[in-house]
Amino acid sequence: MSPRIDQLAAKISESCNTIVQCLDQNGLPHPSFDVDAPISLNLSQQAECARSTAIDVLQELLDLLQGPIACMIPCVSYECPVSTDSRERLTDNQYNATSLQVISRHDIARKVPIQGTISFDELAKATDLHVNDVRRIMRYAMSYHRLFAEPQQGLVAHSAGSKLLATEDVVRAGLAQSFQDFYGSFARVCTFLPFTTF
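Residues numbered from 1 in each chain as written. Predicted model: local features only at pLDDT ≥ 70, side-chain atom pairs only at ≥ 80, totals over all residues. Heavy atoms only, no water.

1. Section: the overall build of the protein
Across its full length, the protein holds eight helices and five strands. Counting helices and strands in the order they occur from the N terminus, the protein gives α-α-β-β-α-β-α-α-β-β-α-α-α. The proportion of buried residues among the 198 residues of the protein is 34%. Long-range contacts, defined as pairs at least 24 residues apart, comprise 57% of the intrachain contacts of the protein with a sequence gap of at least 6. In the structure as shown, the protein presents an accessible area of about 12,500 Å², 55% of it carried by carbon and sulfur atoms. (Helix = DSSP H or I, 4+ residues; strand = E, 2+ residues; numbered from the N terminus. Buried < 20%, exposed > 50% of the residue type's maximum accessible area, 1.4 Å probe, protein only. Contact = heavy atoms within 4.5 Å. Areas by Shrake-Rupley, 256 points an atom, 1.4 Å probe, with all protein chains shown as cover.)

Right under this line is the structure:
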């Protein structure tokens, strides 16, 4: 069996070929950032499906190539894709750091055994959070940040990234600092720029 990154690259190529074929057959311009480029693509249903697949697969390939630490960086996106095996894709403007903040604040990574699994119910009791919230937060982190895994329905295990959070103080501290110190200031930058003296 070929490596996962080869499989993903082949799927991206296949999806892009479908899109190009649709654009060429209909005399439509190709995607571009040029000043006169189209704002949106007018794709057929088949080509739109290929576009959606390409975006999902690209995200997985990007995550694999960047590694587990980069997956912990929140993003604001108008279409932030989720993994290819996820139940749905989320669209519109999103800030996807909430699950990271909850995982950091409640030290969830260290509550999951390094080897083995823990149920959502047990994790909820360990964090004093409602089990439905824990389930949603953990599954979101699995899809968007590749943190944790659900090897069997209802059971949580570590992934490479969540294991780092559980075992490396500097990774845990860096994630916590991003929420305690950095993110609160983002919304205030424009307000205070006129008062800076550099």
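2. So, the confidence of the model for the protein
When the pLDDT values of the protein are averaged, the result is 86; 89% of them are 70 or greater. Per-element confidence in the protein is highest for strand S3 (residues 118-119), whose mean pLDDT is 98, and lowest for strand S1 (residues 76-77), whose mean pLDDT is 52. The model gives residues 78-93 a pLDDT under 50, and that stretch makes 38 contacts with residues more than four places away or in other chains. (pLDDT = per-residue confidence, 0-100.)

3. A short note on the nonpolar core
Counting 26 residues, the largest nonpolar core has Ile103, Leu123, Met138, Phe148, Val156 and Leu165 as the members making the most contacts within it. Every element with two or more residues in this core is listed here: helix H3 (98-105), helix H4 (120-127), helix H5 (131-145), helix H6 (160-167) and helix H7 (169-186). Examining the composition of this core, we find that six residues originate from one element, H5, more than from any other. Those residues in contact with Val156 that sit more than four places away from it in its chain are Val112, Gly116, Thr117, Ile118, Phe120, Leu123, Met138, Met142, Phe148 and Ala149. Within the second largest apolar cluster, six residues are counted, among which are Leu23, Leu43, Ala47 and Ala50. (Core = buried A, V, L, I, M, F, W, Y, C linked by side-chain atoms within 4.5 Å.)

4. Thoughts on the pairing of strand S4 (residues 149-152)
Residues in a regular strand point their side chains to alternate faces of the sheet. Two strands pair when backbone bridges link them, and S4 and strand S5 (residues 155-157) are joined in this way by two bridges, in the antiparallel orientation. Among the inter-strand pairings, Ala149 is bridged to a residue of S5, identified as Ala157. With antiparallel pairing between neighbouring strands as the criterion, S4 and S5 make up a hairpin whose turn holds two residues, including Gly154 at a positive phi of roughly 90°. (Pairing = 2+ DSSP bridges.)

5. Points about a nonpolar patch on the surface
Residues Ile5, Leu64 and Leu65 make up a contiguous nonpolar surface patch of roughly 290 Å² in combined accessible area. By the element assignment, Leu65 lies in helix H2 (residues 45-66). We classify Leu65 as exposed; its relative accessible area is 60%. (Patch = residues over 30% accessible without salt bridge, like charges linked within 9 Å, V, L, I, M, F, W, Y side chains within 5 Å. Salt bridge = Lys/Arg side-chain N within 4 Å of Asp/Glu carboxyl O.)

6. Here's the deal with the sheet that holds S4
Reading across the sheet, the three strands line up as S3-S5-S4 and stay open at both edges, with antiparallel pairing between neighbours. The two strands at the open ends of the sheet, each matched to only one other strand, are S3 and S4. As paired strands, S3 and S5 are joined by two bridges and run antiparallel to one another. Within S5, the position partnered with Ser119 by the bridge is Leu155.

7. Section: H7
Helix length check: H7 (18 residues) gives 25 Å between terminal C-alpha atoms against 26 Å at 1.5 Å per residue, within 8%. At Ser178, H7 shows its strongest bend, of approximately 35°. Among the residues making up H7, those that are buried are Val171, Arg172, Leu175, Ala176, Ser178 and Phe179. (Expected span 1.5 Å × (residues − 1). Bend = angle between axes of the 7 residues up to and from the residue.)

8. Quick notes on the pattern of salt bridges
Within the structure shown, the criterion is met by eight salt bridges. For Arg136, the salt bridge goes to Asp133, with nearest N and O atoms at 2.8 Å. Here the residue Arg136 and the residue Asp133 both occupy positions in helix H5, the gap between them amounting to three residues, near one helical turn. The exposure class of Arg136 is exposed, given its relative accessible area of 55%.

9. Observations concerning helix H1 (residues 4-25)
The terminal C-alpha atoms of H1 lie 32 Å apart, and with 22 residues this matches the ideal 32 Å at 1.5 Å per residue to within 8%. Inspection of H1 places Leu8, Ile12, Ser15, Ile19, Cys22 and Leu23 among the buried residues, and these make up the whole buried set. The arc that holds every buried residue of H1, seen down its axis, measures 100°, which confines them to one face. Looking one or two places after H1, you find Gly27, whose phi comes out positive at around 65°. (Arc of directions from axis to C-beta.)

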